[in-house]
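As a plain string of letters, each chain reads:
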Amino acid sequence: MIRADLSSNLPRSPELQAILPSPDLRGDCPSWPPDVAEDYRQRGYWQRQTLGEWLAHQSQCFGTSTALVDRDRRWSYADLDRRVDRLATGFQSLGLMAGDRVVVQLPNSLEFFAVFFALTRLGALPILALPAHRQIEIQSFIEHAEAIAYVLPDRTWNFDYRQLARTIQTQCPSLQHVIVVGEAQEFCPLDRLDGDPKPFPDLDPEAVAFFQLSGGSTGVPKLIPRTHADYLYSVRVSAEICRLTPDSTYLVALPASHNFPLSSPGSLGTLAVGGKVVLARHPNPDEAFALIEQERVTITALVPPLVLAWLEAVETRDRDLSSLQVLQVGGAKLTPEVAGRITPTLGCQLQQVFGMGEGLVCYTRLDDDEETIHTTQGRPLSSADEIRVVDDDDRPVASGEVGHLLTRGPYTIRGYYRAPEQNRRDFTIDGFYRTGDRVCLTPSGNLIVEGRAKELINRAGEKVSAEEVESHLLAYPDIYNVAVVAMPDRFLGEGICAFLVRNSLPDRDIQTFDPVEIQALKQFLRDRGLADYKIPDRFEGLIALPHTGAGKVDKKFLRQQLLS
Ligand code: OOB
């Protein structure tokens, strides 16, 4: 059991907290206008329930059923709810209060769910980082949100997160608590956070509950504030669309904190109906196929490159995948050719999912015709989702034409956290989110994603800002100029190519980078703390960058060079 003396904070009384006004993030997080919010309430989209209350309710309904399976550990709904209560008390004894921001970077594990629900039950706000994030990302989340705590694992086979935490601690004055799952060394072990639950503060279901992360097109991190009410709405409807039942078993193969496996319908959608959630540490076919066979998994979600890996692996693995009914694919564009191979090879139905951390999620429906499922990315989950497809001047395009996708609705944010300038760019005056996707709308109301207008590289579903990678490469000695672009990649969908201009021009004919230089460049980026998935797949040397007539770097020309 943990006592208040473990805290570097003065203990703050939860009773006092309950009578204080709820933390007001409204200045930091643009919200829905009052009349729109009232409409969403009246129509029953937003309900008077927080994530914490929701979990307690699920525990009452499905107490002894298995909620979560993590290797040989199994928690029932009641186990989960109990652990969440005790952990929330432990967080309270550390001094964490409603409104405090906490970076959570955990692998797919029981602890991820315990921590997520314990913080939200307390009204503290998890920032859901990915296990792949490194110093650059974690530090910027902590600084941007003035987070006071960071929850991380001890290590994986090739990376020691505690070492990362040590570096972060020296850089981030706001950080007061480092909490480690596993061998904690000098930090606070998660296991010690425990205590008999006392009343938790009353929270407003329409207040921010946690932050998703946006694949921003600039280097600045964008935190997506999601409220209890908006998130639970999208979870409920997603579970319905995917026809989840208490007999459903969902395999979390992608990182559990990402919006797709968390809520579309993901783990939360499964818990919403009394189903079972199985956690894979890694989405590779060996681990995933074994779990599908052992736990009789009925539904899972993948990004397109993993679909290819699974399709190839089926031939050589002797596993019973017959329980699998639905394979959801999203995060990046699935080609109709690969879509067509899924049912014959894996024996399950395909559902395409086009969504974003900011809100809007589109699904092909399970009873759609084959053509729709293979060639479109589906339609919005709610009839209250508003969709506009517009030209560069925000005028609606003719029906069937390609244009920019704008959207607003009951679970799509009205602005990022503490980002007024970005918000002016990414949201229209009347509250539509500029998704950055170029789409066309079919006569049946389904969307086809044709590309992106924003300068973002979609590498196997991971969103990488070209500008961010460029800024780090420019810091390398002997690099004078750089342009980072997406390149077509059969497996990743898009790979990252860096065009580099050296300071010194050794020989006009030798512009290529040899393997030793490439290794050095990659190591340089890693040492700066950049996540691995942002490190370019290809490096090309140039004498100078090409420019457009308007004087901008001609990235279109560079992309074309990669095709020839
Ligand atoms: C999902 O969320 P994010 O926030 O990582 O990325 C959103 C972006 C979209 O704007 C789009 O550019 C791309 O990812 N995307 C797709 C896609 N699904 C997402 N592009 C083409 N086809 C698709 N099916 O990636 C996400 C969130 C919830 C559910 C599913 C995916």
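Residues numbered from 1 in each chain as written. Predicted model: local features only at pLDDT ≥ 70, side-chain atom pairs only at ≥ 80, totals over all residues. Heavy atoms only, no water.

### Let's talk about the sheet that holds strand β12 (residues 249-252)
Across a sheet, strands are paired by hydrogen bonds formed along the backbone, either parallel or antiparallel in direction. Taken in spatial order, the 9 strands line up as β2-β1-β13-β12-β14-β15-β16-β17-β18 in an open sheet, and their pairing is mixed. One side of each edge strand has no neighbouring strand; the edge strands of this open sheet are β2 (73-76) and β18 (379-380). Helix-sheet contacts for helix α13 (residues 336-346) involve β15 (326-330) and β16 (349-356), and the interaxial angle to β16 is about 135°. (Pairing = 2+ DSSP bridges. Helix = DSSP H or I, 4+ residues; strand = E, 2+ residues; numbered from the N terminus. Contact = heavy atoms within 4.5 Å. Axes fitted to C-alpha atoms, helices over the stretch in contact; angles between N-to-C directions.)

### A few points about the packing of helix α12 (residues 304-314) against α13
The N-to-C vectors of α12 and α13 enclose an angle of 35°; their axes lie 10 Å apart at closest approach. At the point where α12 passes α13, the crossing takes the left-handed sense. Two secondary-structure elements touch here, α12 through V307, L308, L311 and V314 and α13 through V338, R341, I342, T345 and L346. Classifying every residue of the contact of α12 with α13 gives 7 nonpolar, 1 polar and 1 charged. (Left-handed = near helix turned anticlockwise from the far one by under 90°. Nonpolar A, V, L, I, M, F, W, Y, C, P; charged D, E, K, R; others polar.)

### Some remarks on the nonpolar core
It is characteristic of soluble globular proteins that their nonpolar side chains tend to be buried jointly. By size, the foremost hydrophobic cluster in this structure holds 122 residues, and its most contacted members are F91, F117, L251 and L268. No other element matches the 10 residues that helix α5 (residues 110-122) contributes to this core. No fewer than three residues from each of domain 1 (51-203) and domain 2 (235-452) sit in this core. The contact partners of L251, leaving out residues within four places of it in the chain, are V278, A280, A288, L291, I292, V297, I299, T300, A301 and W310. I142, A145, Y161 and Y417 belong to the second largest nonpolar core, which has 28 residues in total. (Core = buried A, V, L, I, M, F, W, Y, C linked by side-chain atoms within 4.5 Å. Buried < 20%, exposed > 50% of the residue type's maximum accessible area, 1.4 Å probe, protein only. Domains from an automatic or database assignment.)

### Examining the side chain of R162
Along the polypeptide, R162 turns up in helix α7 (residues 161-171). Of the residues examined, R162 reaches a relative accessible area of 4% and is grouped as buried. At 3.5 Å, the side chain of R162 forms a polar contact with the side chain of Q185. Ignoring anything within four residues of it in the chain, the contact list for R162 reads L152, D154, R155, V180, E183, A184, Q185 and F187. (Polar contact = N/O pair within 3.5 Å; in protein donor to acceptor, adjacent residues only side chain to side chain.)

### Here we look at the site of the ligand
Taken together, 19 residues lie near the ligand, and H258, V353, D437, R452 and K463 sit nearest. In the environment of the ligand, an oxygen atom lies 2.9 Å from a nitrogen or oxygen atom belonging to the backbone of G357. In this structure, an oxygen atom belonging to the ligand sits 2.5 Å away from a side-chain N or O atom of D437. Expressed as a share of its isolated accessible area of 590 Å², the protein-covered part of the ligand is 94%. Going through the elements one at a time, α9 (259-263), β16 and β22 (447-452) are the ones with two or more residues in the shell around the ligand. Among the elements that take part in the shell around the ligand, β16 stands out by supplying 4 residues, more than any other. Here the residues of the shell around the ligand sort into 6 nonpolar, 9 polar and 4 charged. (Near = heavy atom within 4 Å. Areas by Shrake-Rupley, 256 points an atom, 1.4 Å probe, with all protein chains shown as cover.)

### Comments concerning the environment of V181
Summarising the element assignment, V181 is placed in strand β8 (residues 177-181). Taking the relative accessible area as the measure of exposure, V181 reaches 17% and is therefore buried. In this structure, the C-alpha to C-alpha distance between V181 and L251, residues 70 residues apart in sequence, is 22 Å. Among residues more than four places away in sequence, those in contact with V181 are L106, E111, L152, P153, D154 and L190.

### Some details on the sheet that holds strand β19 (residues 386-390)
With antiparallel pairing, 4 strands are arranged side by side in an open sheet as β19-β20-β21-β22. Each edge of the sheet is formed by a strand with only one pairing partner; in this case those strands are β19 and β22. In this sheet, neighbouring strand axes are inclined to one another by 45° on average, regardless of whether the strands run parallel or antiparallel. With 4 bridges connecting them, strand β20 (residues 403-408) and strand β21 (residues 433-441) associate as antiparallel partners. Directly across from H404, in β21, lies its bridge partner R438.

### Section: the pattern of salt bridges
In this structure the tally under the stated criterion is 42 salt bridges. Three or more residues are tied together by salt bridges with common partners; here these are E38, R41, R48, D204 and E206. (Salt bridge = Lys/Arg side-chain N within 4 Å of Asp/Glu carboxyl O.)

### As for the packing of helix α4 (residues 77-94) against α5
Taken N-terminus to C-terminus, the directions of α4 and α5 make an angle of 60°; their axes are 8 Å apart at the nearest point. The angle between α4 and α5 places the two elements in the oblique class. Remark: the crossing between α4 and α5 carries right-handed chirality. In this structure, α4 uses L80, D81, R83, V84, D85, L87, A88, F91 and Q92 to contact α5, whose residues at the interface are F113, A114, V115, F117, A118, L119, R121 and L122. Broken down by class, the residue content of the contact of α4 with α5 amounts to 12 nonpolar, 1 polar and 4 charged. (Parallel < 35°, antiparallel > 145°, perpendicular 65-115°, else oblique.)

### Quick word on the confidence of the model for the chain
This prediction gives the chain a mean pLDDT of 93; 93% of its residues lie at or above 70. Between residues 1-24, whose pLDDT stays under 50, and residues either more than four places distant or in other chains, the model counts 41 contacts. (pLDDT = per-residue confidence, 0-100.)

### Notes on the packing of aromatic side chains
Summed over the entire model, instances satisfying the criterion amount to 19 aromatic pairs. With 5.8 Å between their ring centres and 70° between their planes, Y416 and F427 make a pair best called edge-to-face. In this pair, Y416 sits in the loop between β20 and α15 (420-426) while F427 sits in the loop between α15 and β21, placing the two residues 11 residues apart along the sequence. The interplanar angle of 85° and the centroid separation of 6.4 Å between the aromatic rings of Y416 and Y433 together place this pair among those described as edge-to-face. Residue Y416 is found in the loop between β20 and α15, and its partner Y433 is found in strand β21; the two are separated by 17 residues along the sequence. With relative accessibility at 4%, the residue Y433 sits in the buried group. An aromatic cluster of at least three residues, connected via ring pairs, comprises W54, F112, F113, F116, F117, F210 and Y231. In this arrangement the basic side chain of R134 is found over the ring face of F159, its NZ or CZ atom lying 3.6 Å from the centre. (Phe/Tyr/Trp six-rings, centres within 6.5 Å; stacked < 30°, edge-to-face > 60°. Lys NZ or Arg CZ within 6 Å of the ring centre and 35° of its normal.)

### A look at the domain arrangement of the chain
Partitioning the chain into domains gives domain 1 (51-203), domain 2 (235-452) and domain 3 (464-563). Using only C-alpha atoms to locate each centre, domain 1 and domain 2 end up separated by 26 Å. Between domain 1 and domain 2, the residue contacts involve 29 residues of the former and 24 residues of the latter. At the junction of domain 1 and domain 2, the tally comes to 3 salt bridges. For E295, the salt bridge is made with R74, and the minimal N-O distance between the two is 2.9 Å. Residue assignment for the side of domain 1 that touches domain 2 shows that the elements contributing at least two residues are α3 (51-62), β1 (66-70), α4, α5 and α6 (135-145). Residues belonging to the side of domain 1 that touches domain 2 are distributed by class as follows: 19 nonpolar, 5 polar and 5 charged.

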